[in-house]
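# Understanding the architecture of this molecule
Letter by letter, the chains look like this.
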Amino acid sequence: MGRCSRLARPFTWTSWWWAPSPPDPARKLTTRDLVSGDDHFFAATGITHGDFLGGIRYLPTGAVTHSLAMRSRSGTVRTIQAQHRWERLTRISAVPYRGPEAAGGR
């Protein structure tokens, strides 16, 4: 028996979720749900376009992403619009960035 199989245990909602029941996928989360306590951080980046975050927008020379970062201690909410350039990314990554067609975008 391998090491991983001895350590693995059956999946249950309570094995990873702190609440006594599984999360409700229809429930809308509030800022307090996402970032509560003394010093917590929350960050999200949109993949598809929605009301909350814009999705990835592909350009011939790169992509634009929209993200949100929140900190509970200061109450800071940051919105981030990042521009990613294929030419620069290929210099520092093993991933061949060739534009939206390679990533399945339009």
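Just so you know, these numbers come straight off a predicted model, no measurement behind them. (Residues numbered from 1 in each chain as written. Predicted model: local features only at pLDDT ≥ 70, side-chain atom pairs only at ≥ 80, totals over all residues. Heavy atoms only, no water.)

Turning next to the overall build of the protein. Helix and strand content of the protein: five helices and four strands. Seen in sequence order, the protein has helices and strands lined up from the N terminus as α-α-α-β-β-β-β-α-α. The buried share among the 106 residues of the protein stands at 17%. The long-range share in the protein, meaning contacts at least 24 apart out of those at least 6 apart in sequence, stands at 32%. Entry remark: accessible area of the protein is about 8900 Å², with carbon and sulfur atoms responsible for 55%. (Helix = DSSP H or I, 4+ residues; strand = E, 2+ residues; numbered from the N terminus. Buried < 20%, exposed > 50% of the residue type's maximum accessible area, 1.4 Å probe, protein only. Contact = heavy atoms within 4.5 Å. Areas by Shrake-Rupley, 256 points an atom, 1.4 Å probe, with all protein chains shown as cover.)

This part is about the environment of Ala-44. Mapped onto the elements, Ala-44 comes out in strand E1 (residues 41–45). Each C-alpha atom, one on Ala-44 and one on Ile-80, is 10.0 Å from the other, the two residues being 36 residues apart in sequence. Other than its neighbours up to four places away in sequence, Ala-44 contacts Leu-53, His-66, Ser-67 and Leu-68.

Glancing now at the side chain of Thr-65. Relative to the helices and strands, Thr-65 is located in strand E3 (residues 62–71). The class of Thr-65 is buried, set by a relative accessible area of 12%. Looking at Thr-65, its side chain comes within polar contact range of the side chain of His-84, at 2.8 Å. The contact partners of Thr-65, leaving out residues within four places of it in the chain, are Thr-45, Ile-56, Ile-80, Gln-81, Ala-82 and His-84. (Polar contact = N/O pair within 3.5 Å; in protein donor to acceptor, adjacent residues only side chain to side chain.)

Attention shifts here to the confidence of the model for the protein. When pLDDT is averaged across the protein, the result is 76; 67% of the residues are at 70 or more. At the low end of the mean pLDDT range in the protein sits helix H1 (residues 3–7), at 44; at the high end sits strand E4 (residues 77–85), at 94. Considering only residues more than four positions removed or in separate chains, one finds that residues 1–8, a stretch of pLDDT under 50, has one contact. Of the regions scoring below 50 in pLDDT, residues 11–15 engages in seven contacts with residues more than four places distant in sequence or in other chains. (pLDDT = per-residue confidence, 0-100.)

Across all of its chains, the model carries one aromatic pair by this definition. Ring plane angle 25 degrees and centroid distance 6.4 Å describe the contact between Tyr-58 and Trp-86, whose orientation is recorded as stacked. With Tyr-58 in strand E2 (residues 57–59) and Trp-86 in helix H4 (residues 86–92), this pair connects stretches of sequence that are 28 residues apart. Using a relative accessible area of 11% as the deciding quantity, one classes Trp-86 as buried. (Phe/Tyr/Trp six-rings, centres within 6.5 Å; stacked < 30°, edge-to-face > 60°.)

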